[in-house]
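Here are the chains, one letter per residue:
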Amino acid sequence: MPLDQLFATLACALLAGLTIFQGALIAGAPLGRAAWGGQHRVLPAKLRIGSALSIAVYALFAYAALAKAGLVPLLVNESFTAVTMWVMTAYFVLGVFMNGISRSKPERLIMTPTTLALAALYLVLALH
């Protein structure tokens, strides 16, 4: 498997894990201390909507990674996909910072390394 396809697959695996996590939060699982600033053990309705929107965003991120690796058709063109990879890399770098300063210890311990791994994977995809 070419390196870009491996990294896209790894990124999708992490995003799938985050999707399962967000789905559990939507369903009322008491995992809220690891998300959205960790202020709620069980998320209130507004944050559950945020989790649902996150799942949609993860799907777009996954598709973009797969498109960059040539595993699915491009949405627009190669230039658009290349710029998208850089934007997503920046998004995950910001996520590393935001999760790293969270008041929630579970969020810092779980989400910071997760977003760091995603930032690294998307950086490699952007550079490739």
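Scroll up to find the structure.
Residues numbered from 1 in each chain as written. Predicted model: local features only at pLDDT ≥ 70, side-chain atom pairs only at ≥ 80, totals over all residues. Heavy atoms only, no water.

**Q** Just to check I follow, could you spell out the overall build of the chain for this structure?
**A** In terms of regular secondary structure, the chain is built from four helices and zero strands. Secondary structure elements in the chain, listed N-terminal to C-terminal, are α-α-α-α. By the compact-globule yardstick of 14 Å for 128 residues, the chain fits well, its C-alpha radius of gyration being 15 Å. Across its three principal directions, the C-alpha atoms of the chain cover 40 × 25 × 25 Å. Looking at the chain residue by residue over its 128 residues, the buried ones come to 37%. Partitioning the contacts of the chain with sequence separation of at least 6, the portion at a separation of at least 24 is 59%. Of the accessible surface of the chain, which amounts to about 7100 Å², a share of 73% is contributed by carbon and sulfur atoms. (Helix = DSSP H or I, 4+ residues; strand = E, 2+ residues; numbered from the N terminus. Rg over C-alpha atoms; globule rule 2.2 N^0.38 Å. Buried < 20%, exposed > 50% of the residue type's maximum accessible area, 1.4 Å probe, protein only. Contact = heavy atoms within 4.5 Å. Areas by Shrake-Rupley, 256 points an atom, 1.4 Å probe, with all protein chains shown as cover.)

**Q** Is there a simple way to explain the side chain of Thr 81 in this structure?
**A** Assignment of secondary structure puts Thr 81 in helix H3 (residues 78-100). For Thr 81, the contacting residues outside a window of four places in its chain are Ala 64, Ala 67, Lys 68 and Leu 74.

**Q** Which parts of the structure should I look at to understand the nonpolar core?
**A** The nonpolar side chains of soluble globular proteins are, as a tendency, buried together. Formed by 27 residues in total, the largest nonpolar core has its most connected members in Leu 15, Met 85, Phe 92, Leu 118 and Tyr 122. Sorting the residues of this core by element identifies helix H1 (3-26), helix H2 (45-68), H3 and helix H4 (105-127) as the ones contributing at least two each. The element contributing the most residues to this core is H1, with eight residues. Once residues lying within four places of it in the same chain are set aside, the contact partners of Leu 118 are Ala 11, Leu 14, Leu 15, Leu 18 and Phe 92. (Core = buried A, V, L, I, M, F, W, Y, C linked by side-chain atoms within 4.5 Å.)

**Q** For this particular structure, what's the right way to read the packing of aromatic side chains?
**A** Each pair of aromatic rings is reported with the distance of its centres and the angle of its planes. Enumeration over the complete set of coordinates arrives at five aromatic pairs. Between Phe 61 and Tyr 91, the aromatic rings sit 5.1 Å apart at their centres with planes inclined by 75°, giving edge-to-face as the arrangement. With Phe 61 in helix H2 and Tyr 91 in helix H3, this pair connects stretches of sequence that are 30 residues apart. Taken together, a centroid distance of 5.1 Å and an interplanar angle of 40° make the contact between Phe 92 and Tyr 122 tilted. One end of the pair, Phe 92, is in helix H3; the other, Tyr 122, is in helix H4, and 30 residues separate them in sequence. (Phe/Tyr/Trp six-rings, centres within 6.5 Å; stacked < 30°, edge-to-face > 60°.)

**Q** How do you make sense of the environment of Pro 44 when you look at a structure like this?
**A** Of note, Pro 44 is situated in the loop between H1 and H2. Given a relative accessible area of 32%, Pro 44 falls into the partly exposed group. Here the alpha-carbon distance between Pro 44 and Lys 68, two residues 24 residues apart in the chain, equals 36 Å.

**Q** Help me understand the packing of H2 against H4 in this model?
**A** Axes are the key here: two packed helices are described by the angle between their axes and the distance separating the axes. Direction vectors running N to C along H2 and H4 enclose 35°, while the axes themselves pass 10 Å from each other. Two packed elements cross with a definite hand, and for H2 against H4 that hand is left-handed. Only Tyr 122, Leu 125 and Ala 126 of H4 make contact with H2, whose side of the interface consists of Phe 61, Ala 62, Ala 65 and Lys 68. In the contact of H2 with H4, the residues fall into six nonpolar, no polar and one charged. (Axes fitted to C-alpha atoms, helices over the stretch in contact; angles between N-to-C directions. Left-handed = near helix turned anticlockwise from the far one by under 90°. Nonpolar A, V, L, I, M, F, W, Y, C, P; charged D, E, K, R; others polar.)

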